[in-house]
Every structure is written in C-alpha cells, then in structure tokens.
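# A closer look at the structure
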Amino acid sequence: MQRPDWAPDTIDIERPSVARMYDYYLGGSHNFAADRAAARAMMDAVPEAPLMAQANRAFLRRAVQFLADAGVRQFLDIGSGIPTVGNVHEIAQRIDPESRVSYVDVDPVAVAHSREILHGNDRATVLQEDLRRPEAILGHPEVTKLLDFSQPVAVMIVAVLHFIPDADRPAEILRTLRAALAPGSYLVLSQASDDGRGETGERAEAERVYRRTDNQLWIRSRAELTALFDGFELVDPGVVWVPQWRPESPEQAEHGEQAVFMGGVGRLGG
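Everything in this summary refers to the structure shown in the same document. Everything numeric in this text was worked out from a predicted model, so none of it was measured.

Calculation rules
Residues numbered from 1 in each chain as written. Predicted model: local features only at pLDDT ≥ 70, side-chain atom pairs only at ≥ 80, totals over all residues. Heavy atoms only, no water. Helix = DSSP H or I, 4+ residues; strand = E, 2+ residues; numbered from the N terminus. Expected span 1.5 Å × (residues − 1). Buried < 20%, exposed > 50% of the residue type's maximum accessible area, 1.4 Å probe, protein only. Pairing = 2+ DSSP bridges.

### Describing helix 3 (residues 49-69)
- Compared with the 30 Å implied by 1.5 Å per residue over 21 residues, the 30 Å span of helix 3 between its first and last C-alpha is a close match.
- Counting buried positions over the 21 residues of helix 3 gives 16, a clear majority of the element.
- Residue Gly 71 follows helix 3 closely and has a positive phi angle near 100 degrees.

### Comments concerning unusual backbone geometry
- A cis amide bond links Asp 236 with the next residue in sequence, Pro 237, at an omega value of 10 degrees.
- Here Pro 237 is to be found in the loop between strand 6 (233-234) and strand 7 (240-241).
- Phi at Arg 169 takes a positive value of approximately 55 degrees, unusual for a residue other than glycine.
- Along the chain, the position of Arg 169 falls in the loop between strand 4 (154-158) and helix 8 (170-179).
- Backbone geometry places Arg 246, a non-glycine residue, at a positive phi of 45 degrees.
- Tracing the backbone shows Arg 246 in the loop between strand 7 and helix 11 (250-253).

### Focus: the pairing of strand 8 (residues 261-267)
- With six of its seven residues buried, strand 8 lies for the most part within the structure.
- Both strand 5 (residues 186-192) and strand 8 contribute to a ladder of seven bridges, which runs antiparallel. Residue pairing for strand 8: Val 188 is matched across the bridge by Val 265.
- Looking at chain direction, strand 6 and strand 8 are connected through two bridges and run antiparallel. If you follow Glu 233 over to strand 8, its bridge partner there is Arg 267.
- By the bridge criterion, two bridges tie strand 7 to strand 8 in an arrangement that is antiparallel. Each residue of the ladder has a partner; that of Trp 241, found in strand 8, is Met 262.

Purely geometric numbers; function is a separate question.
Here it is in structure tokens:
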C-alpha cells in the first residue's frame, strides 16, 4: 500500500485505527484501506454505525454550545480524533474568540492533522498523549501554558471510554482529572452502550471487529456510565442516548437507542 504524503512514517497503515475508522464513518478522507475495511466490517455488523458516529458528533456540538453559553471558556478535549467540521474550537471561538482549547489524542494522524488545522491559532493546541496517563496530560507544557486550572475547564471525553477497559481503572482516571479542576468546571462523557437494546448479536460482532485494532470495545450500561460522573452534578436530562441530550427538535430524540451512544454532562460544584 502506498503511503500518502500526510501519513507519518511511524504509523502502521496496515493496522486499523479507531480514530481513522471514526473519520471514515463521518465521511472524512484521512483513513487507509485497512481502516475502511474494518469500518465496513463494523457496518455489516451494525448498519447504523455511521449514523451512530454522526449522532455522537452532534452531541459533542450541542454540549460545547451549552458549555460556552454557560460561560465556559476553557476546554480540554481528550481523545479528540481526526479534525472534522464542527470541532470544539470552532464552536467555542465562534461564541467567544478568546476561548482556549487543548486537544489530546493518542493517534499520530489525528495529532498531525490537528496541528495543520490549528496553525496560526494561538488559543488552540494539540498534543499526542493517552487518556490512561491523566497526570501526563495535566502536566504537559502545551496544556499548562494554555489552560488555567484555577478557573473552570470543560473536560471532554467523547466516544473514548468504550476503549478503556475496567482493568485500566477509568473511574480512577476521572478522579485524577476531577482533582485538578476548579469549581464550576464540567465533564462531558459519552460511550457505546447496549442498555435496553436486547440481544441483537451486534455487540459480539462489534467486539470481534475492534479486536483487529489496538483498541478493544468495552460496552457499559447507563448505570455504569452514570457512576463515572462521581463528584459531578449531572445536568438535565442526565445520562441518556445522545440524540436525547438537549435535542434541537423533538424528532431528533426519537428512537435514541439506535444511536448506541449514551452521554451526559456533569458540573463540579463547590
């Protein structure tokens, strides 16, 4: 397979990446044949996969709009993925050009393209790091020079937690992040769930597809996702299917379970 000019030499373009598969679902062009093959296998198992990704992306946009309207001007987006239209900085800086955004992703392609897009924007930055190393993220110079943790920060972990197994202690990761935040900060989470969807066989097939990548799939229930907001006060309507979180129209919220992703927003009091 010929390596495109934009692909870093250090990445294995023969092995699917969840970030590049997600880019494919969203109609992006920064993916390889291996990513597209894995994504199509996922779509064979779960035909709604592209709609799921789009619904999750729409949830992110609505959450950022809500946070910006609430006065938040600092955002830490962990697992930000490959840039597509409607990124956090575009929404936040449209409301207030002084808004500051630090993107974090483990995928080098996502980071490389984020750097391209953010070139010349001194209020947005990106670094390559892993959610499972929260101390490294919080202490990274690219983060500390841009974000003031004595003031409210919105931490976005959207469509990432289903790649973090219980063995990696996601609750502990979130406690570490929460301890660094000032009162009035927010946490935005979403992840894949089969809560109430019944036995469709999709879960087993989806898990099989993602075993081809470096990230296995860890499905969680509404109760498990809600528990990860420990220490935060959930904003109405709580943890719901992502189309049902403050939809722009009632029609968007119908059959929310088809989106597969559940999400919510929590506020840190004190």
